[in-house]
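As a plain string of letters, each chain reads:
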Amino acid sequence: MGSFPNLRIRLPLVAFLLELLMIILFGVFVRYDDESDASKPDDLTGKSTFLYRYPSFQDVHVMVFMGFGFLMTFLQRYGFSAVGFNFLVASFSLQWATLMQGWFHHFQDGKILVGVESLINADFCTASVLIAFGAVLGRTSPVQLLIMAFFQVTLFSVNEYILLNLLEVIDAGGSMTIHCFGGFFGLAVSRVLYRPGLKEPHRKASSVYHSDLFAMIGTLFLWIYWPSFNSAISEKGVNQTRAVINTYYTLASCTVTTCILSSLVDKSGRINMVHLQNSTLAGAVAVGTAAEMMLTPYGSLIVGLILGTLSTLGYTFITPALEKYLHVQDTCGIHNLHALPGFCGGIIGAITAAAASEATYGSRLHHTFPSLDKHPGRSLGGFQMAGAVVSLGMGLVGGTIVGIILKFPIWGATTDEDCYEDRAYWEVPEEEVTYIHTVTRNEHVKEENTVYEMEPQSPAD
Amino acid sequence: MGSFPNLRIRLPLVAFLLELLMIILFGVFVRYDDESDASKPDDLTGKSTFLYRYPSFQDVHVMVFMGFGFLMTFLQRYGFSAVGFNFLVASFSLQWATLMQGWFHHFQDGKILVGVESLINADFCTASVLIAFGAVLGRTSPVQLLIMAFFQVTLFSVNEYILLNLLEVIDAGGSMTIHCFGGFFGLAVSRVLYRPGLKEPHRKASSVYHSDLFAMIGTLFLWIYWPSFNSAISEKGVNQTRAVINTYYTLASCTVTTCILSSLVDKSGRINMVHLQNSTLAGAVAVGTAAEMMLTPYGSLIVGLILGTLSTLGYTFITPALEKYLHVQDTCGIHNLHALPGFCGGIIGAITAAAASEATYGSRLHHTFPSLDKHPGRSLGGFQMAGAVVSLGMGLVGGTIVGIILKFPIWGATTDEDCYEDRAYWEVPEEEVTYIHTVTRNEHVKEENTVYEMEPQSPAD
Amino acid sequence: MGSFPNLRIRLPLVAFLLELLMIILFGVFVRYDDESDASKPDDLTGKSTFLYRYPSFQDVHVMVFMGFGFLMTFLQRYGFSAVGFNFLVASFSLQWATLMQGWFHHFQDGKILVGVESLINADFCTASVLIAFGAVLGRTSPVQLLIMAFFQVTLFSVNEYILLNLLEVIDAGGSMTIHCFGGFFGLAVSRVLYRPGLKEPHRKASSVYHSDLFAMIGTLFLWIYWPSFNSAISEKGVNQTRAVINTYYTLASCTVTTCILSSLVDKSGRINMVHLQNSTLAGAVAVGTAAEMMLTPYGSLIVGLILGTLSTLGYTFITPALEKYLHVQDTCGIHNLHALPGFCGGIIGAITAAAASEATYGSRLHHTFPSLDKHPGRSLGGFQMAGAVVSLGMGLVGGTIVGIILKFPIWGATTDEDCYEDRAYWEVPEEEVTYIHTVTRNEHVKEENTVYEMEPQSPAD
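Residues numbered from 1 in each chain as written. Chains lettered and ligands numbered in written order. Predicted model: local features only at pLDDT ≥ 70, side-chain atom pairs only at ≥ 80, totals over all residues. Heavy atoms only, no water.

The helix and strand inventory of chain A stands at 15 helices and seven strands. Over its C-alpha atoms chain A spans a radius of gyration of 22 Å, differing by no more than 12% from the 23 Å that the globule rule assigns to 461 residues. Each principal axis of the C-alpha distribution contributes one length, and for chain A these read about 70 × 55 × 40 Å. Per-residue burial over chain A gives 70% buried out of 461 residues. Put simply, of all contacts in chain A between residues at least 6 apart along the chain, 81% involve residues at least 24 apart. For chain A, the exposed area adds up to about 12800 Å²; of that, 64% sits on carbon and sulfur atoms. Across chain A, the 26 positively charged side chains and the 38 negatively charged ones have centroids separated by 6 Å. (Helix = DSSP H or I, 4+ residues; strand = E, 2+ residues; numbered from the N terminus. Rg over C-alpha atoms; globule rule 2.2 N^0.38 Å. Buried < 20%, exposed > 50% of the residue type's maximum accessible area, 1.4 Å probe, protein only. Contact = heavy atoms within 4.5 Å. Areas by Shrake-Rupley, 256 points an atom, 1.4 Å probe, with all protein chains shown as cover. Lys, Arg positive; Asp, Glu negative; His and termini not counted. Charge placed at Lys NZ, Arg CZ, Asp CG, Glu CD.)

So, on to the interface of chain B and chain A. Listed per partner, the contact involves 88 residues of chain B and 87 residues of chain A. Carbon and sulfur atoms make up 68% of the surface buried where chain B meets chain A, a total of about 7700 Å² over both sides. Where chain B touches chain A, the interface holds one salt bridge. Taking the shortest distance from any N to any O, the salt bridge between Asp 42 of chain B and Arg 364 of chain A comes out at 3.1 Å. Inspection of the region where chain B meets chain A yields 21 residue pairs in polar contact (both at pLDDT 80 or more). At the level of elements, helix H1 (7-29), strand E1 (30-32), helix H2 (49-71), helix H3 (79-105), helix H4 (116-136) and helix H7 (209-231) of chain B are the ones that each hand at least two residues to the side of chain B that touches chain A. When grouped by side-chain class, the residues that make up the side of chain B that touches chain A number 49 nonpolar, 19 polar and 20 charged. (Buried area = accessible area lost by both parts, 1.4 Å probe. Salt bridge = Lys/Arg side-chain N within 4 Å of Asp/Glu carboxyl O. Polar contact = N/O pair within 3.5 Å; in protein donor to acceptor, adjacent residues only side chain to side chain. Nonpolar A, V, L, I, M, F, W, Y, C, P; charged D, E, K, R; others polar.)

It takes a turn of 120° to lay chain C on chain B, together with a shift of 0.0 Å along the axis; the resulting RMSD is 0.0 Å. Seen this way, the second copy is the image of the first under a three-fold rotation axis. Considering only C-alpha atoms, the residue of chain C closest to the rotation axis is Gly 46 of chain C, which sits at 2.7 Å. Taken together, the interface assignments show that only 9% of the residues at the interface of chain C recur at the interface of chain B, consistent with different surfaces on the two copies. (Least-squares fit on C-alpha atoms with pLDDT ≥ 70 in both.)

Let us look at the relation of the copies chain B and chain A. Overlaying chain B on chain A yields an RMSD of 0.0 Å, the required transformation being a rotation through 120° with an accompanying axial translation of 0.0 Å. Interface overlap between copies: only 9% of the residues of chain B at the interface are likewise at the interface in chain A, consistent with a contact formed by different surfaces.

This next bit is on the pattern of salt bridges. Two side chains bearing opposite charge may form a pair once their charged atoms approach each other closely. Enumeration according to the criterion identifies 24 salt bridges over all chains in this entry. Here Lys 204 of chain B and Glu 421 of chain B are joined by a salt bridge, their closest N and O atoms 3.4 Å apart. Here Lys 204 of chain B, found in the loop between helix H6 (175-192) and H7, pairs with Glu 421 of chain B, found in the loop between helix H15 (380-406) and strand E4 (432-433); they are 217 residues apart in sequence, far enough to count as distant. Salt bridges linked by common partners bring Lys 204, Glu 421 and Arg 423 of chain A together as one network.

In this section: the sheet that holds strand E3 (residues 111-114) of chain C. All names here are of chain C. The strand order across the open sheet formed by three strands is E1-E3-E2, and the pairing between neighbours is mixed. Lying at the two open borders of the sheet, with one neighbouring strand each, are strand E1 (30-32) and strand E2 (107-108). Relative to E3, E1 is paired through three bridges, and the arrangement is parallel. Paired with Val 30 across the bridge in E3 is Ile 112. Lying on the sheet, helix H1 (residues 7-29) is in contact with E1, E2 and E3; it crosses E1 at an angle near 55°. (Pairing = 2+ DSSP bridges. Axes fitted to C-alpha atoms, helices over the stretch in contact; angles between N-to-C directions.)

Here the focus is the side chain of Thr 352 of chain C. Mapped onto the elements of the fold, Thr 352 of chain C is located in helix H11 (residues 334-354). Dropping the residues within four chain positions of it, Thr 352 of chain C is found in contact with Ala 290, Met 293, Met 294 and Leu 295 of chain C.

Our focus in this paragraph is the interface of chain C and chain B. In this complex, chain C contributes 87 residues to the contact, which on the side of chain B involves 87 residues. A combined buried area of about 7700 Å² lies between chain C and chain B, and 68% of that area is made up of carbon and sulfur atoms. Counting across the chain C and chain B interface gives one salt bridge. For the pair chain C and chain B, the number of links is 21 residue pairs in polar contact (both at pLDDT 80 or more). Contributions of two or more residues to the side of chain C that touches chain B are made by H1, E1, helix H2 (49-71), helix H3 (79-105), helix H4 (116-136) and helix H7 (209-231) of chain C. Ranked by the residues each element gives to the side of chain C that touches chain B, the list is headed by H3 of chain C, at 12 residues. Looking at the side of chain C that touches chain B residue by residue, the class counts come to 48 nonpolar, 19 polar and 20 charged.

Residues and elements named next belong to chain B. Residues of strand E3 (residues 111-114) alternate between two faces, with Ile 112 and Val 114 buried on one and Lys 111 and Leu 113 left unburied on the opposite face. One ladder, built from two bridges, connects strand E2 (residues 107-108) with E3; its direction is antiparallel. Note that in E3 the partner of Gln 108 across the bridge is Lys 111. Here E2 folds back onto E3, and the loop between the two strands holds two residues, one of which, Asp 109, carries a positive phi near 50°.

The next thing to look at is the packing of aromatic side chains. All chains considered together, the criterion is met by 84 aromatic pairs over all chains. Ring geometry for Trp 96 of chain C against Trp 103 of chain C: centres 6.0 Å apart, planes inclined by 80°, an arrangement best described as edge-to-face. Pairwise contacts between aromatic rings join Phe 26, Phe 50, Tyr 54 and Phe 57 of chain A together with Tyr 52, Tyr 248 and Tyr 249 of chain C into one cluster. Taking the ring centre of Phe 383 of chain A as reference, the NZ or CZ of Arg 378 of chain A above it sits at 3.7 Å. (Phe/Tyr/Trp six-rings, centres within 6.5 Å; stacked < 30°, edge-to-face > 60°. Lys NZ or Arg CZ within 6 Å of the ring centre and 35° of its normal.)

Glancing now at the packing of helix H10 (residues 297-326) of chain A against H1 of chain B. Two elements in contact, H10 of chain A and H1 of chain B, have axes separated by 8 Å at closest approach and are oriented at 155°. Regarding the angle of H10 of chain A to H1 of chain B, the classification is roughly antiparallel. Between H10 of chain A and H1 of chain B lies a crossing whose hand is left-handed. Only Phe 16, Glu 19, Met 22, Ile 23, Phe 26 and Gly 27 of chain B of H1 of chain B make contact with H10 of chain A, whose side of the interface consists of Pro 297, Tyr 298, Leu 301, Ile 302 and Leu 305 of chain A. Broken down by class, the residue content of the contact of H10 of chain A with H1 of chain B amounts to nine nonpolar, one polar and one charged. (Parallel < 35°, antiparallel > 145°, perpendicular 65-115°, else oblique. Left-handed = near helix turned anticlockwise from the far one by under 90°.)

Let's shift gears to unusual backbone geometry. All names here are of chain C. The phi dihedral of Glu 168 falls on the positive side, at around 55°, and the residue is not glycine. Mapped onto the elements of the fold, Glu 168 is located in the loop between helix H5 (142-166) and helix H6 (175-192). Its relative accessible area of 17% is what places Glu 168 among the buried residues. In this model, Tyr 420 sits at a positive phi of 55°, which is unusual for a non-glycine residue. Along the chain, Tyr 420 falls in the loop between helix H15 (380-406) and strand E4 (432-433).

Read across the open sheet, the three strands follow the order E1-E3-E2 (chain A); overall the sheet is mixed. The two strands at the open ends of the sheet, each matched to only one other strand, are strand E1 (30-32) and strand E2 (107-108) of chain A.

Turning our eyes to something else, we now look at the confidence of the model for chain A. All names here are of chain A. For chain A, mean pLDDT is 91; residues scoring 70 or higher make up 91% of the total. A low-confidence stretch, residues 1-5 stays under pLDDT 50, and its non-local contacts, those more than four residues away or across chains, total 10 contacts. Every residue in residues 432-461 is under pLDDT 50, and counting partners more than four places away or in other chains gives 97 contacts. Here the prediction assigns the complex a pTM of 0.94, and the interface score ipTM is 0.93. (pLDDT = per-residue confidence, 0-100.)

In this section: the environment of Tyr 325 of chain A. Along the chain, Tyr 325 of chain A falls in helix H10. In the structure, Tyr 325 of chain A is positioned 149 residues away from Met 176 of chain A in sequence and 26 Å away in space, judged by C-alpha atoms.

Residue and element names in this part refer to chain C. Here Ala 353 is to be found in helix H11. For Ala 353 and Leu 295, which are 58 residues apart along the polypeptide, the C-alpha to C-alpha distance reads 9.2 Å. Ala 353 has contacts with Met 293, Phe 369, Leu 380, Gly 381 and Gln 384, leaving out every residue within four places of it along the chain.

Next up on the list: the state of the cysteines. Enumeration over the complete set of coordinates arrives at zero disulfides over all chains. In this model Cys 254 of chain B remains outside any disulfide bridge; the closest cysteine sulfur is found in Cys 259 of chain B, 9.9 Å from its own. (Disulfide = S-S within 2.5 Å.)

A separate point is the packing of H7 of chain B against helix H9 (residues 273-286) of chain B. Residues and elements named next belong to chain B. Interaxial distance between H7 and H9 falls to 10 Å at its minimum, and their mutual angle equals 10°. Between H7 and H9, the angle falls in the class roughly parallel. In this structure, H7 contributes Asp 212, Ala 215, Met 216, Thr 219, Leu 222, Trp 223, Trp 226 and Asn 230 to the contact, and H9 contributes Met 273, Leu 276, Gln 277, Thr 280, Leu 281, Ala 284 and Val 285. Looking at the contact of H7 with H9 residue by residue, the class counts come to 10 nonpolar, four polar and one charged.

This part is about the side chain of Asp 171 of chain C. Residues and elements named next belong to chain C. With respect to the helices and strands, Asp 171 occurs in the loop between H5 and H6. The buried charged residue Asp 171 lacks any salt bridge partner; its closest oppositely charged side chain belongs to Arg 378, at an N-O distance of 13 Å. Only 3.1 Å separates the side chain of Asp 171 from the backbone nitrogen of Ser 175, close enough to count as a polar contact. Here the side chain of Asp 171 touches Thr 289 through a polar contact of 2.7 Å, side chain to side chain. The residues touching Asp 171, leaving out its near neighbours within four places in the chain, are Met 176, Thr 177, Gly 288 and Thr 289.

And the structure:
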């Protein structure tokens, strides 16, 4: 199993080297910006970045740590890993994202200047890593996840630089940079790490009653705070407000539509919790780029209707097909929640940008599309579309390369036997657990009770 | 069972028609207001609506989707429905509320102009529907809930118009418009839909250990964010701040009082989770109208003391009596959390308004009670009291009519057997579930284990 | 068991007398401040306290009621008490804190004037009580907790007055006043209330799978909102923003380090949920004092690295030793999350203050350290260090005295048998519960199933 004997050496060693690297690079590069340096005057006006950005930052922060973490707790015996690895990987990623994004966007006189917006952007980049985590959930070791995060944050920042600085597209809610890139990146990684030994549906890769309720906590916080996500770095004022409104209505329509479709595809008309947990959010992903444009409220409802439909059908038909024909295992179905909706978001943004005119935006058209200042008359829609395609390509190519790196035998890959199981990585309280699953529709297989042979969990243990 | 064969057709059809209606009406009527339209200048001053309202909106949004949803998960096998139907019904209601409230309050040149305050108001109206849902929790199909929401939002808006525009009362926290109306509406609906086959206490209509903890998540988010609820649309500045302070202290006192009373009414002095989950919130409901008035901090503590007492006693004595004598089944006890406290809130508001004078409010009396501008010397208390009575009447009459509509056999009513059970409407993971309940105080009946004959829940299913 | 017959009289009587006292004292003393009094003009500028403080207040409020409450639900059968007593004790404490802090800091013309900052400070003081609760979790009656809260809030306010007004130190995030004081106070109380009958590890003092997930909800909300905690009462502007940034990076580094250490100290390299739930937060405690200083982002990462290490090792080595050698039982390990990190925070603050110079702070040095106005050239570091020592001493001495008061036989102490059990204080739903624990590493003892002989929990019960 490679040169390192076991997890006890691998995980601390890799994590410590990464953290040490962060401290050194922060020491060399990271300083406070003008709105957080003690020697600078306080900005106590209605223009203060803190006033417009801090509440949104906190909402995004809840989404990243609580939302993504709990959304993935639906697996019956992988809740500690879902929440815990999400916590570990996100905590590392936001440090590395501060540096990578800083070098690309906030580098002045050899220093990276950080402020509230840096925190939001770092959280955004981290979200992209957590999306990819959703594809391989249950089948990777924490060491592999940290390595993946290191490379993905790097590629994210390159892709973001290409879109925002070279193509000069706008993508405040990150449909393209976060979701499309992160989603396809994760799918590509999962393709390379394909485990034929884990046939779908794997008995442990399913939920139990309470794990589905825990997952709903994640879903609801993502859903509730997504208007903040899509507006957090929009231009202060009317654009930020409009991004909130559009996301709010998109989500409402997407949720109703998800229930419609979920009921339609079930032979008894029941709703599937997988759809409710995930497809209800697809609209917000897809409106990320266009939310700050003049999408109109009814346009938002239509986006929700389309995405709720696509995402639910994706869970029903595309995810099984991806595994069967392309050998892409996708535990959380990120294809239907992030990859596809993210790409759709690029298209929707391109269409809305292409339709932008002075008739709608008045003399403030350049205010929403600043690239017009330098390039008057450019094809806004064309460049936006290019951004979506680049993100998709960067995700697929980058994910494939990083997947190959993750196959190196030094990262302590999880065995098939330990997949979807907390006990390989966590001290799990002893309890009787009964796994029940269906082999065929009407035949139940009840396995023997298992008592884990581990120490009890106690605070002083 | 009516003209439609089953849920698979009824739910998608009704929901799709409603969503389609929303899209068409949004297309015709809904536009951005001046603080969200791209062609309008940014307001980056301390008067920006976004700065005062957006953080409050997000808190209210958490209450509506997370708070109400999880508060109702206390039932042992109805958690998916509690959270899921709450999600579906709220997502539809906020769209319809945008239109109804828009026509009554924000209609200019044939268009409804939406901004951050529209979102708050739509969430408020939605809360009223979710309150009514609490009365019939476990005994209605999702189709019935959507139909109820459609009519209740309509009547809510009419009632709100009568109070705010005709009677010119103030009710920033919605004691009367949201809680009193919504509570009595739900009780009236439940009266019409009375199911004699479900005797109280129904074996499934009780909690298990973890479902009570899930419900506490809902309770706490409601409790924590209620100061934002009661202040979200108060006049910016001192009134908004005072509404926060009054609600904060009312809730603290109400929580202590609830524990006192709960312990008093138990023969062993133990506290009942039902009281802790619900009665702790009754003070905030009852201070909704008066929170922005000069209630004084110690007045707030007294309101909490009274309401914590009334609500706990309500759960102990009134709810069983309502079922026994009036055939009103009330799953969540909304009578004691919303209906009665909401009406009390109207009375408290009337008393506080009647006591308002220039001695306390100075020259800014009209600032808190704008109706004095047009009607100097009017009886503030009398009109406030009229508002409470109208809300109660509208709730009872409206709920009765809508209850009759819901009895039409076309909405796919739940069978008695399927009440308080997720499996009729949700794909539920297979698990062994053991129902235990007490027939008499000291006799336990343990039923056989039940293995649900359903497919496993898996993300790609 | 003393002069009162049982809980049914003791709890309501004590709680009612305390609440009555609050109402009387509020009536005599508490009034609205200039930013919440209806007769005062609205401040709608970028300087409005509401704009800078209210979103932070709500985050702190979530931490106090949701964060602390759920963090303590990790015990398998003490979740109702964890959340419920947290709720009750906090609701009382914030009222008493308003009075005590008001008399010391906001007393004008015989009145205490309250505003948004009063609510934040009351929540801060309450947090200190909840920290102490963590030490004795499972071994105290609610009456004892209320009495403890009464005295601890009093002593907290005295200690706070000594630090802020006499020593003139700064401590915006409360490392010293909240965590160091509260932590050592709780440990001292626990020492006095030592129960030799409850040997560690007690079978019930451990977690089960889902209780660990509930606890993670508490952890994550504390973690996510801690930047608001440490900045909530910092000077508006650059200092508040910097406090956010420093806390954000400290927490990220602390979380990575906790996973490193937790894996290192386990023989199989697995991570322990106790560490993840608690030690990940230790960095934020320790940066409370220094967060608003020019700690630098990389200094923040180093603080996280040190505290993640110390706290994890504390759980592994110090907590068992405290019980064994000093007879200090510490259910939640608050020594490693609050007491020690709080004292470290005092030291870190002292070092950072000692290093403060015009080279770093420019002409605005006095802006961050206002005591320099009155005492130019004073030893900032020395006074800060004195603050930490005073807090530690006040905590130990105060906790010992209050512990002795709590031993009076009139407060209805919990029996050893009922420790770590909800059923003595709560109406618990009947369920089969199987306790499993390990007597030695490889020997499992499975006890008989227990059916609780209590009434079922139903909403109308």
